[in-house]
Amino acid sequence: MGGNLCVGQVFRYASGKDPKPPALDGYANFHHVTHSPDLKRALLESGINGMAKVSAIDGERRPVILIRSSPWKAGTEQTPWHDVFDLDNGHVRYFGDHKAGITAAPGTTTGNAALLDAFNGHQAPTPEERASATPLLLFRAVSRNGKPKGHVEFCGLGVIERAERLVQWGGRERTTFTNYVYDIALIDLTAESDKVSWDWIHTRRDKVATATQALDLAPLAWQEWVKHGNSALPRLRRRVARAKVSKVRDQRPAAGSSEAADLETIYRRFDGHKHDFEALASAVAARVMGGSGHSYVEGWLTRRSGDGGADFVGRLDLGSGLAGTSLVVLGQAKCIKPDSLVSAEQIARVVARLRRGWIGVYVTTGAYSEPAQMEMVEDQYLDRPHQRHASGSGAQEHGPRRPRRQSAGVH
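**Q** Please set out the pattern of salt bridges residue by residue, giving values where relevant.
**A** Between side chains of opposite charge, pairing is possible as soon as their charged atoms come close. Using the criterion set out here, one finds 19 salt bridges in the structure. The salt bridge involving Arg268 is made with Glu264; its shortest N-O contact spans 3.1 Å. Of this pair, Arg268 and Glu264 both sit in helix α9 (residues 258-270), four residues apart, roughly one helical turn. Overlapping salt bridges, with partners in common, bring together Arg93, Arg162, Glu164 and Asp183 in one network.

Here it is, written out as structure tokens:
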């Protein structure tokens, strides 16, 4: 059987389609990785390649649809549309295979018919029906050695969220025609190290294997989608931003450690003494930001009430002389139980106060929830988390990225 398809990996798709060599011209051989003994080859000859349906013991199913986009053809008479592949945010917008001059109905062309059939399966209301739904494996052609053909990049595993009819123009006559466009959610493959095992597809091609048996070999996020349906897609969608998110358990000191004891002592000492904790938070911010090699100057604490989202103010000096500049730092301090989480709404209160070029700092005895970090990263308020340690307690800093509203956090 075949091997693994890794997101971002480039494969050699040779015209000879020989599955024997593992690699060709320094690239993994597509036909070797997707080889299923005694079964027809997996192909990428067309844009939409629906593998033949299998009459399995528990019903009919299509093992897979392989989709290939050819960016070098976009905007031409043959392919007037532009597919969109946003791998970082887990979204692909892919146009069907109806073209100008085709008299058949747009939903009856080979590719559109296969994708619309898959779309019905992706909208199925029960886990039993979704277990037989057709997975989409997406590729895009990439140029190598100056040649636009012969190499493809694997882009991931997808579920169709929406199918829409629209009017396009194209062909030599620049006439209009009706086609379908599909919005496809790419599934998170973190648990599989961004890989899809061809063994899963091979088992889906096996007539004596049930859909449930094949599902055991599917990526975990696909299994979750089968169980819960499209309502689970927001949390199952591939997002590269997650690489910048720290797990809650990784933010907290190990149970029983001296750091955990110190954090508990700090919480007990300052719980109910908000203004005193703000002074400590200002000192922590100075230590963390000054430890980055910058010149940080502590400013002042705000009023005990009506601070408007800022508990302390500081200044970060960058450069020197004519090449120097100073950034205002607004800080928020929250002394909460160490097992508590800071939400996105709480961080947003600081962000809302920031002006162009200012930096926000959030200091807490708790931890940042993953949804809060995701929202900040996706809005480009936060940079990649860096674990630090200050005064025996864990501290996390997020450096600024966006000049309009920047945010930094320490805890």
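Structure's up, so let's keep going.
**Q** Would you mind going over the nonpolar core in detail, with residue names and values included?
**A** By size, the foremost hydrophobic cluster in this structure holds 37 residues, and its most contacted members are Leu137, Phe139 and Trp222. Those elements that place two or more of their residues in this core are α1 (30-33), β11 (136-141), β12 (151-170), α4 (198-204), α5 (211-215), α6 (220-228) and α7 (233-236). Excluding residues that lie within four positions of it along the chain, Leu137 makes contacts with Leu5, Val64, Ile65, Leu66, Ile67, Phe154, Gly156, Leu157, Val196, Trp198 and Ile201.

**Q** Pulling in residues and values, what's your account of the environment of Tyr27?
**A** Here Tyr27 is to be found in strand β4 (residues 27-29). For Tyr27, the residues in contact, after removing those within four places along its chain, are Val10, Phe11, Arg12, Pro22, Arg144 and His151.

**Q** Quick one: what's the story with the pairing of strand β16 (residues 312-318), residue by residue and with numbers?
**A** The element β16 is extensively covered by neighbouring structure, given that five of its seven residues are classed as buried. Inspection of the sheet shows strand β15 (residues 295-301) paired to β16 by six bridges, in the antiparallel sense. Within β16, the residue paired with Val297 across the bridge is Arg315. Pairing between β16 and strand β17 (residues 325-334): seven bridges, direction antiparallel. Within the sheet, the bridge partner assigned to Leu318 lies in β17 and is Thr325. The loop that links β16 with its antiparallel partner β17 comprises six residues; one of these, Gly319, has a positive phi angle of about 70°.

**Q** Summarise α9; cite the residues concerned and give the values.
**A** Because the α-helix completes a turn every 3.6 residues, residues three or four places apart line up on one side. The terminal C-alpha atoms of α9, which comprises 13 residues, lie 18 Å apart, in line with the 18 Å expected from a rise of 1.5 Å per residue. All of the buried residues along α9 are Leu263, Ile266, Tyr267 and Phe270. Buried positions in α9, seen along its axis, are confined to an arc of 95° and lie on one side of it. Along α9, exposed side chains directed more than 90 degrees from the buried face belong to Ser258, Thr265 and Arg268. Note on α9: the residue one or two positions beyond its end, Gly272, has a positive phi of about 85°.

**Q** Lay out unusual backbone geometry in plain terms, naming residues and giving numbers.
**A** At Asn145, a residue that is not glycine, the phi angle is positive and equals roughly 55°. Considering the arrangement of structural elements, one finds Asn145 in the loop between β11 and β12.

**Q** Give a description of the environment of Asp25 that names residues and reports values.
**A** In this structure, Asp25 sits in the loop between β3 (23-24) and β4. Residues Asp25 and Arg12 lie 13 residues apart in sequence; the distance between their C-alpha atoms is 7.6 Å. Polar contacts involving the side chain of Asp25 include one to the side chain of Arg12, which spans 3.0 Å.

**Q** Residues and numbers for the packing of aromatic side chains, please.
**A** Summed over the entire model, instances satisfying the criterion amount to eight aromatic pairs. Seen from their ring centres, Tyr180 and Tyr182 are 6.3 Å apart, and the 20° between their planes marks the pair as stacked. Both residues of the pair, Tyr180 and Tyr182, belong to the buried class. Among the aromatic residues, those joined into a ring-pair cluster are Tyr13, Phe30, Phe139 and Phe154. One cation-aromatic arrangement involves Arg269 over Phe270; the distance from NZ or CZ to the ring centre is 4.7 Å.

Definitions and limits used
- Residues numbered from 1 in each chain as written.
- Predicted model: local features only at pLDDT ≥ 70, side-chain atom pairs only at ≥ 80, totals over all residues.
- Heavy atoms only, no water.
- Salt bridge = Lys/Arg side-chain N within 4 Å of Asp/Glu carboxyl O.
- Helix = DSSP H or I, 4+ residues; strand = E, 2+ residues; numbered from the N terminus.
- Core = buried A, V, L, I, M, F, W, Y, C linked by side-chain atoms within 4.5 Å.
- Buried < 20%, exposed > 50% of the residue type's maximum accessible area, 1.4 Å probe, protein only.
- Contact = heavy atoms within 4.5 Å.
- Pairing = 2+ DSSP bridges.
- Expected span 1.5 Å × (residues − 1).
- Arc of directions from axis to C-beta.
- Polar contact = N/O pair within 3.5 Å; in protein donor to acceptor, adjacent residues only side chain to side chain.
- Phe/Tyr/Trp six-rings, centres within 6.5 Å; stacked < 30°, edge-to-face > 60°.
- Lys NZ or Arg CZ within 6 Å of the ring centre and 35° of its normal.

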